Each structure stands twice: as C-alpha cells, then as structure tokens.
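# Observations on chain architecture
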Amino acid sequence: MNPLRNLSYGLRSLATSLTMIILAGPILAQELTVSSENGTDLQSGASWSLGPIDLDATPSDTTVSHVTLKNDGADNLNLGTITLSASDHFSLATNLEGNIIAAGQERTLSIRFSPQSYGTHQAAVTILSNDSDESPFTLNLSGTAHAPQLGLEQPSGNLLSQGEVVTFPDTPINTTNPLNFIIRETGDRALDWDASIGGTDHSSFQITTPPPNGTIVEGGAAASLTVEFTPSSSGPKTATLSIASNDPAQNPFNITLRGTAQSLPEISITLDGSQVTSGATEPLDFGDVDLNSGTSSHSELTFKVSNSGDLNLNLSSDTFTPGAGTPAGTFTVSSTYAGSVTPSGETTFTIRFDPSSRGIATAVFELANNDGNGDESPFRINLQGRGVGPVIQV
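These lines cover the structure that appears in this document, whether it is placed above or below. Please read all numbers here as calculations on a predicted model, not as lab measurements.

## Comments concerning the packing of aromatic side chains
- Applying the stated rule across the entire model yields 11 aromatic pairs.
- Centre to centre, the rings of Phe 168 and Phe 229 are 5.7 Å apart; their planes meet at 50 degrees, and the pair counts as tilted. With Phe 168 in the loop between strand 12 (165–167) and strand 13 (171–172) and Phe 229 in strand 18 (residues 223–229), the pair connects residues that are 61 residues apart, well separated along the chain.
- Judged by centre distance (5.0 Å) and plane angle (45 degrees), the rings of Phe 320 and Phe 365 are tilted. Of the two residues, Phe 320 sits in strand 25 (residues 313–322) while Phe 365 sits in strand 29 (residues 359–369), which places them 45 residues apart along the sequence.
- The partly exposed category is assigned to Phe 320, whose relative accessible area is 22%.
- Three or more aromatic residues joined by ring pairs make a cluster, and in this case those are Phe 303, Phe 320, Tyr 337, Phe 349 and Phe 365.

## Looking at the sheet that holds strand 6 (residues 90–92)
- Taken together, the five strands give an open sheet; going across it, the order is 2-1-4-8-6, and neighbouring strands pair in antiparallel fashion. The open sheet has two edge strands with one neighbour each: strand 2 (41–42) and strand 6.
- Relative to strand 8 (residues 106–113), strand 6 is paired through three bridges, and the arrangement is antiparallel. Across the sheet, residue Ser 91 finds its bridge partner in strand 8, namely Arg 112.

## Some thoughts on the pairing of strand 20 (residues 253–262)
- Counting buried positions along strand 20 gives seven out of 10 residues, so the element sits mostly inside the fold.
- Two strands pair when backbone bridges link them, and strand 13 and strand 20 are joined in this way by two bridges, in the parallel orientation. Residue Pro 172 lies in a different strand from strand 20, and its bridge partner there is Gln 262.
- Inspection of the sheet shows strand 19 (residues 235–245) paired to strand 20 by nine bridges, in the antiparallel sense. Its bridge partner being in strand 20, Gly 235 is matched across the sheet by Ala 261.

## Considering the environment of Phe 229
- The exposure class assigned to Phe 229 is buried, which follows from its relative accessible area of 0%.
- In this view, Phe 229 contacts Phe 168, Pro 169, Thr 171, Thr 175, Thr 176, Asn 177, Ser 204, Phe 205, Lys 237, Gly 259, Thr 260 and Ala 261; residues no more than four positions away in its chain are not counted.

The rules behind these values
Residues numbered from 1 in each chain as written. Predicted model: local features only at pLDDT ≥ 70, side-chain atom pairs only at ≥ 80, totals over all residues. Heavy atoms only, no water. Phe/Tyr/Trp six-rings, centres within 6.5 Å; stacked < 30°, edge-to-face > 60°. Helix = DSSP H or I, 4+ residues; strand = E, 2+ residues; numbered from the N terminus. Buried < 20%, exposed > 50% of the residue type's maximum accessible area, 1.4 Å probe, protein only. Pairing = 2+ DSSP bridges. Contact = heavy atoms within 4.5 Å.

Shape is all these values report; function is a separate question.
Structure, rendered in structure tokens:
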C-alpha cells in the first residue's frame, strides 16, 4: 500500500466534508420552527386562521387549533413568556411558557377561538424564547363567527342601538299614534324573533302587527312591526319593547318606548270667582232691572272661561233659548270671548239682560266647545232676570 496515495485520498475526503459543512451553514444552538396542523411551516408575522364557527343563541361554541413548536437546534430551546393580545374571542388552551424543548423535540401550542359575536375577529400570539434570531415569534390570529344578527330600525334606515329610547309624538288620551319598526337580519344566518311589550305603562302601548314573531332567512326581506301608543290617562308613559331572538349577542334586544299623553281640553267657567256648573237647575239671577232707567235699564254678568287641559279649548258658537213668555233678544252677549283658549289660558265674555217688559224672564245659554268631557259640550247656563217699574207709553 502506498502511504502517499492513502494520504492524498484522506485529504480529499476531508476537503469534501468541510465543503458540505460550509454549504449547509452553521448548526444553530437553538432554532424554533413553527408549523401548522397540516405541516406547513409558519414564519414569524404569518397569519393563522381559526374557524369559521357557527354561533347559536348562547355564544358557547368553541374551536381549538394547534401549532407545533420544534427545536431544530443543537441545544435546549427555552420557551419564555407566551402572550395573547387583548381579545374576548381568543384564549390559550395550553400554555407552554417555561417549557424546555430538547434538540429535535417538539411541543404543541393550542389556541381556543370562542367568538362572542358575529363577524371576523383578530388577535396576535407572541412567543419569547432563547432562539437567537426569532424571538419574539409572532402569529397573527383571525377567526370568523357566523351568526344571525338582529337589526332594528325606526324609522326605516335609522339603526337603533340596544337600550335606545324611541319617543312617540304627544298623544291625546283615548287616541292612537302608531310607529313602524323594521326588523332586519344583518348577519349571515336565519333570524328567529319574537316581540313583546312590558314595563310600567305597557298597557298604553300595543303591538298591532299579527303575529309579532317570525323568521327572516339570510338575505331575506325585512319584517315590519307596528307599535301603537293609545294612552287612557294623561301624563308621561314608559314601556319596553323586547325582541327575543337567536342573535347570540343581543338576546333580547330592548328598546325603551316613551310618550306623553295629553289631557283633552277642559272647560271651566266662573262668575265672580265662584264655579258655574253646566246644566245647574238653579238659574243665575241678573236681579231686578228698572224699565224706567233709560239707557242703564239693563244688567250684565261677566264670566271667565279657563282651560285646564293640555290641548286648546275651542269656543265655536253660542245660542240663547228664551223661556216661555221671554222675547228673543232679552239676553245677549255684549262682550264676546276668544275663539280658542290655550292650555292654562283664559278668556271672558259678558251677558246682558235687557228686558222690555215687566216680570221674570228666563233663557238657557249654550256655549259650544270641544271639552273632552261630553257633559260640558255645550256648556249650559240657566239665566233669569226681572223687569220692574211701569211701562211708559209714548
């Protein structure tokens, strides 16, 4: 055997080995390699999709996804803090913080996606380690939740928020003011809904759309819901429109309903500060009028009309119905009233007694108005006066 030949062969082998080592690069002490469930390598900053997932009426649906953390280095890989950015939709199902991964070994990191509402949600997980060139290692998380979503509008096109207040126009008692609501499915699953009214003054509000429930398929036509405000007593009224549904984030969807019930016009007539009762049988007495007193041979009474209601009191006309033997024109309105009396307002009018003969004269005065109580429209006042003294013949 030729020693020189053997030496030459050995040197060539050593050179080849050194070339392979140089080409392969240095063997790192610690090298974190991350791969998905299907074996795809993930680089720091890559996106990792979890889901999609369907939500029901109680957002308890969960999916767990996994990535593999492997140490492709020569020395132990020490995992440090593993953090998840603030999110109500993602959580660490396993936490490998503080784990030591030996050379060639691996661990499984699991992330739970528990969406609380419809839509696409995002977060990021950050892994610290003693990897010299990939610490921190970050994965951007995303997940999509499919769910029905209730959208309520009033009027059409004006989307309401949970707990918002909807105010009806001021409404006279025993009359009706309707408002129309639109229910839409704004998610991507069929929406089942059922509406009801509760609260302190629920009897003043009624759902008049039959039936007050239904199903709206994904992309389907909106539903119409009519609520009527029909108060039976005056003052502010409050109730709650509640729509139960399979929307996992808004069940029930509540809206506060408000309205003010206006009392109807309320007429009140006084004479010298004393209340006059409509239709009282005891007549108001003008007293005696001396037929010989010339231009002053008459008597007048001035009445005050007040409105204690919430709407204008309209005084439309008046009439006198003479009693038996009383000539027409014996009683007249000498100073007239305003045609409309605002709430808490007042007006006056004067009735003149101008007899043309001796004796008692009577009449019934009626003042037509829109008082809310039927027994005071028209307002009736019985009148009486007496003509005295001799009639002078010319």
